[in-house]
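# Descriptive analysis of the structure
Next come the chains, spelled out residue by residue.
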Amino acid sequence: MFQDNPLLAQLKQQIQENLPKKEGTIKATEKGFGFLEVDSTTSFFIPPAYMKKCMHGDKVIAIIRTENEREVAEPQELVEQSLNRFIGRIKMFKGKLNVAPDHPQLKKMSLKAKVKKGLKSDDFAEGDWVVAHLVRHPLKDENGFFVEISEKITDANDKIAPWWVTLAENDLPNSEPAGIEHWEIKDDADLQRIDMTHVPFVTIDGESTKDMDDALYAKKNAAGDFELTIAIADPTAYITPDDEMDKVARERGFTIYLPGRNIPMLPRDLADELCSLIEGEIRPALCCTVTVSKDGVIGDDIRFFAANIKSHARLAYDNVSDWLENGVSEKWQPSEEIATIVRDLYDFSLARAQWREEHAVVFPDRPDYRFELSEDNDVIAIHADSRRSANRLVEESMITANICAGRTLQAHFGTGVFNCHSGFKAEKLADAVELVNPDGTLPFTSESLATLQGFAALRRWLCQQESTYLDNRIRKFQTYSEVSNQPLPHYAMGLDIYATWTSPIRKYGDMINHRMLKALILNKEPVQKPDDTVGDELALHRKHHKIAERNVADWLYARTLADEPAKETRFHGEIFDINRAGMRVRLLENGAAAFIPGALIVDNKDRIECNGDAGTISIDKELVYKLGDVLEVVLTEVNQENRSLVARPTAVFAELPVAEAIQGE
C-alpha cells in the first residue's frame, strides 16, 4: 500500500535532512559491523546492514540516528572511495568472476567483476592475482559494487607472486628497460678523457654484484695524508638528456632492490656490462681526486675530471674484510701492489670515520638481512650480514666523494641534486629538549638543536648512551630526509652539504649531477639542471620502492617462519614501536617484524598500560618494557594470508609477580 508512495518518500527525506550528519572514515571489522571514525576520539557504530553500502577506508558523510537506544551511523554520501586501482584475487561464484581485494580488512569481500576489453574471462581461475579497478559504488549506484579486471599478474600458486604482486600493487615495473642494439659513446666533442688505465684502481663489492659502479685508488704520502681518487661508472657517456632512455630512467628514478632480486633502472647490457667497471676492461668514468689529511679532514684540492680507467682487481667485501681483520683470507691473496692500495684505503677510512664520530654523525652498526633463494624462489636461508671493515672502507670513500660533489656543485652552480635533512620539526623542538634535557643540565636547547652543529652534537650524545630508548623516542620528532635542487645541509649525517653522484647506474639524480660536473670540467653551461619537480619525483619513487621492499620481505618471512609457532622457537626481539594495543618487535636473528598484543603480555587488561607517547609498557603500575629493549619471544601465529606475525614474551606475567618475571628474562 505504501510502496512507491511519493508522500512517504518525501517525509522520509525530510526526516533524514533534519538528522545530524557527520563526515568520517569507515573502519570495518571481521564480524560485519563497522565504525564511522570522525576523529581520534569520536566514532559511531555502523550496523552490518549499513556496512553493505561501503567498505573499509571509505570517506563518507553519514546521518546519525538512534536505534535501539544506541547512536548509529548510516552512510549516505561518498566523499572518497578507499579503492580505485587495487590488487585482488579471483573468486568464482556460480561460475561468475568475482574479485577479493588483497587487504586485511577487505579480503572477505567478494566483488562482482568483468574483464576489460581485450581480455578473456576463460583465462582467469580461482585464486589468480589480478589488477582491478572499482567502477561502481553502492553510495553512487544502487546496483552495488562492481569492478573491472585490467590485468592478470600471475597464477594462484606461482612462487614468484610476492615480487610480481608487490610490484603491481605499487605500479612499479617488473623487468629491466628494453635496451638498444648498438650503444655509442655520445660525449661532448670538447670532453677530453684522461688515460688512467695504468692506475691500479680496485673495485670492492658483493660476490654476486654485476653493476660495479665505483673503483677506488689511494696513496698515503710522506706526511701521512691520503691522496684519494674515486672513479665512477659513466652512463651519461651513452645517454643524453634528449634520449628516450633518459626519459625511462627518470620515470623509474632508481634501481628497485627487493629481497632476492633487483629491477634495474637502466638496461642490463649497459648497467652490468658496458658501464660496469669490470676487471681488466677499459671503461669511461667520471673521477674525483682529493687529499684527505691523516686527521680525516677533506682538503680544498677537489678536482673532477673525465677519464678512461681500468679496474686492476675485482675484490669481494668478505675476502677483503678477512684479510684486513685477520691478516689472511682463505679465498684471496693480494699482490704487493694491491695490498698496499687496500691498506691505504683502509687507513683513510679509519681517519674519516674518526673525524665523523667527532664532528658529524656516524650511524650505529646494524646488520643487513639478506634472503637466499633457490632457483624456484623458495627461501633457503636468511643471513644477517654485518658491516665489516671493507664495507666501511667503501662507505667512507663514497661519503667523501659525495661531500666533494656537494661542495663543487654549490660553489659553481648553486644548484644540483642534493640529499638534505632539516633536523627536528619546528613544532617538536621544545618536546625534544624536554625529553633529553628536562632539568637543563645538558647543553641542548631549542636554539642549539635548530642548528646543524647542535643537532649533530645531540646525535653523538645519543649514540653514547647505554640504552637506545631516547634515540627511539626522539626520532619521532625528526623530519624525513629529502631530495632538493637547493644546496641544503643534511642534519641526520651532520654534514653541511651532500650530493650523490656515485651510483648513476642506479639513481637518476646521480646522472643529473654527472652532467653538471661534466659542464664544470668543460667550463660550459650544463646540458641539464634539476628542475623544481625532480626532488619530489625521486622522493616518491624512493617511498614506493621502500614499501615494495618491506612488503616482499613480510611475505617471505610469513612463508619461511610458518612452522616456528609449532616448534616454539625462541627469538630475541627488539622493541621498535609501542601503541595502545601492544608493541612491535624486530627479530634480531632474521629481521622479521612481529606484533605482541597486550593480551599476550599479561592476561588481565586492567593490569597493563601501553603508552605509545612515552614508548613504555607498565604492568601493575611498574615499568616493564620500553622502546629499544630486547626480550626473548616465541611466535604464536604466522598469518600467511595477511603476511603478519604475532609473538608473545617468554616471561609470563600472568603467573609470576612482576619483579620475578623481569628477573626471569
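Here the structure is a predicted model, which is why all the values come from computation and not from measurement. Along every chain, residues carry numbers that run from 1 in the direction the sequence is written. The predicted nature of this model means local features are confined to residues of pLDDT at least 70 and side-chain atom pairs, given and counted, to a pLDDT of 80 or more, with totals for whole chains, interfaces and linings taken over all residues. Only hydrogens and water are removed before side-chain values are computed, so all heavy atoms of the structure are retained for them.

## A closer look at the nonpolar core
Rule in force here: Note on terminology: a nonpolar core comprises buried Ala, Val, Leu, Ile, Met, Phe, Trp, Tyr and Cys residues joined through side-chain atoms within 4.5 Å. Buried residues are those whose accessible area, probed at 1.4 Å on protein chains only, stays under 20% of the maximum for their type, while exposed residues exceed 50% and partly exposed ones sit between those limits. Strands are runs of DSSP state E lasting at least two residues, helices are runs of H or I lasting at least four, and both sets are numbered from the N terminus onward. Two residues qualify as a contact provided that any one of their heavy atoms is within 4.5 Å of a heavy atom in the partner residue.
If you look at the biggest cluster of nonpolar residues, it comprises 81 residues, and the most contacted ones within it are Ile309, Leu315 and Trp501. Among the elements that take part in this core, helix H8 (residues 389-412) stands out by supplying 10 residues, more than any other. Here Leu315 is in contact with Val202, Thr203, Ile204, Asp205, Val320, Trp332, Ile338 and Val342, once residues within four sequence places are set aside. Of all hydrophobic cores here, the second largest spans 42 residues; its members include Tyr557, Ala592, Val624 and Leu631.

## Some thoughts on the pairing of strand E1 (residues 21-28)
We count it as follows: For two strands to be treated as a pair, DSSP must find at least two bridges joining them.
Pairing of E1 with strand E4 (residues 59-67), which is carried by 5 bridges, proceeds in the antiparallel orientation. Directly across from Thr25, in E4, lies its bridge partner Lys59. By the bridge criterion, 4 bridges tie E1 to strand E2 (residues 34-37) in an arrangement that is antiparallel. Bridging from a neighbouring strand, Ala28 pairs with Gly34 of E2.

## Points about the UniProt feature "domain: S1 motif" (unreviewed entry) in the protein
Put simply, the rule reads: UniProt positions are given in the numbering used here, feature names are shortened, and annotations may be inferred rather than shown by experiment.
Per the UniProt annotation, the sites labelled "domain: S1 motif" (unreviewed entry) are residues 568-650. Measuring from the first to the last C-alpha atom of residues 568-650 gives 10 Å, for a span that is 0% helix and 60% strand.

## A word on the sheet that holds strand E8 (residues 111-115)
Adjacent strands of a sheet pair through backbone hydrogen bonds, lying either parallel or antiparallel. What counts, and what does not: Every axis corresponds to a line fitted to the C-alpha atoms, with the helix fit spanning only the stretch in contact, and the corresponding angles, defined between N-to-C directions, vary from 0 to 180 degrees.
Strands sit in the order E6-E7-E8-E10-E9 around a closed barrel of 5 strands; the barrel is mixed. Sheet twist, expressed as the mean angle between neighbouring strand axes with direction ignored, is 55 degrees. Here 6 bridges tie strand E6 (residues 85-93) to strand E7 (residues 96-101), and the two strands are oriented antiparallel to one another. Bridging across to E7, Met92 finds its partner in Leu97.

## Points about the environment of Arg89
Short version of the rule: For the purposes of these results, a polar contact is taken to be a pair of N or O atoms within 3.5 Å, where, inside protein, one atom must be able to donate a hydrogen and its partner to accept one; residues adjacent in sequence count only when each atom of the pair is a side-chain atom.
Tracing the chain through its elements places Arg89 in strand E6. If near-sequence neighbours (up to four positions away) are discounted, Arg89 is found in contact with Asn98, Val99, Ala100, Gly127, Asp128, Trp129 and Ala156. At a separation of 3.1 Å, a polar atom in the side chain of Arg89 contacts the main-chain carbonyl oxygen of Ala156.

## A short note on the pattern of salt bridges
Applicable threshold: Whenever a carboxyl oxygen of Asp or Glu lies within 4 Å of a side-chain nitrogen of Lys or Arg, that contact is scored as a salt bridge.
A complete count under the given rule lists 44 salt bridges for this structure. Of the charged contacts, one joins Arg356 and Glu396 as a salt bridge, the two residues approaching to 2.8 Å between their closest N and O atoms. Linking Arg356 in helix H7 (residues 336-359) with Glu396 in helix H8, this pair joins segments that are 40 residues apart in sequence. Note on accessibility: Arg356 and Glu396 belong to one class, buried. The structure contains a network of salt bridges with shared partners spanning Lys53, Arg65, Glu67 and Glu74.

## Let's talk about H7
So the rule is basically this: One less than the residue count of a helix, multiplied by 1.5 Å, gives the span that helix is expected to have.
Across its 24 residues, H7 extends 35 Å between first and last C-alpha, which sits within 8% of the 34 Å expected from 1.5 Å per residue. Those residues of H7 not exposed but buried are Ile338, Ala339, Ile341, Val342, Asp344, Leu345, Tyr346, Phe348, Ser349, Ala351, Arg352 and Arg356.

## Brief notes about the domain arrangement of the protein
What counts is decided by this rule: Throughout, the edges of the domains are those of an automatic or database domain assignment.
Each domain of the protein was delimited in the assignment, giving domain 1 (6-80), domain 2 (85-158), domain 3 (194-422 + 479-552) and domain 4 (562-649). Computed from C-alpha atoms alone, the centre-to-centre distance between domain 1 and domain 4 is 35 Å.

## Some points on the pairing of strand E23 (residues 582-587)
In the sheet, strand E22 (residues 570-579) pairs with E23 via 6 bridges, with the strands oriented antiparallel. Each residue of the ladder has a partner; that of Ile578, found in E23, is Met583. In this structure, the hairpin formed by E22 and E23 is closed by a connection of 2 residues. Looking at chain direction, E23 and strand E24 (residues 593-597) are connected through 5 bridges and run antiparallel. Bridge pairing in E24 places Arg586 opposite Ala593. Connecting the antiparallel pair E23 and E24 is a turn made up of 5 residues, with Gly591 showing a positive phi of about 90 degrees.

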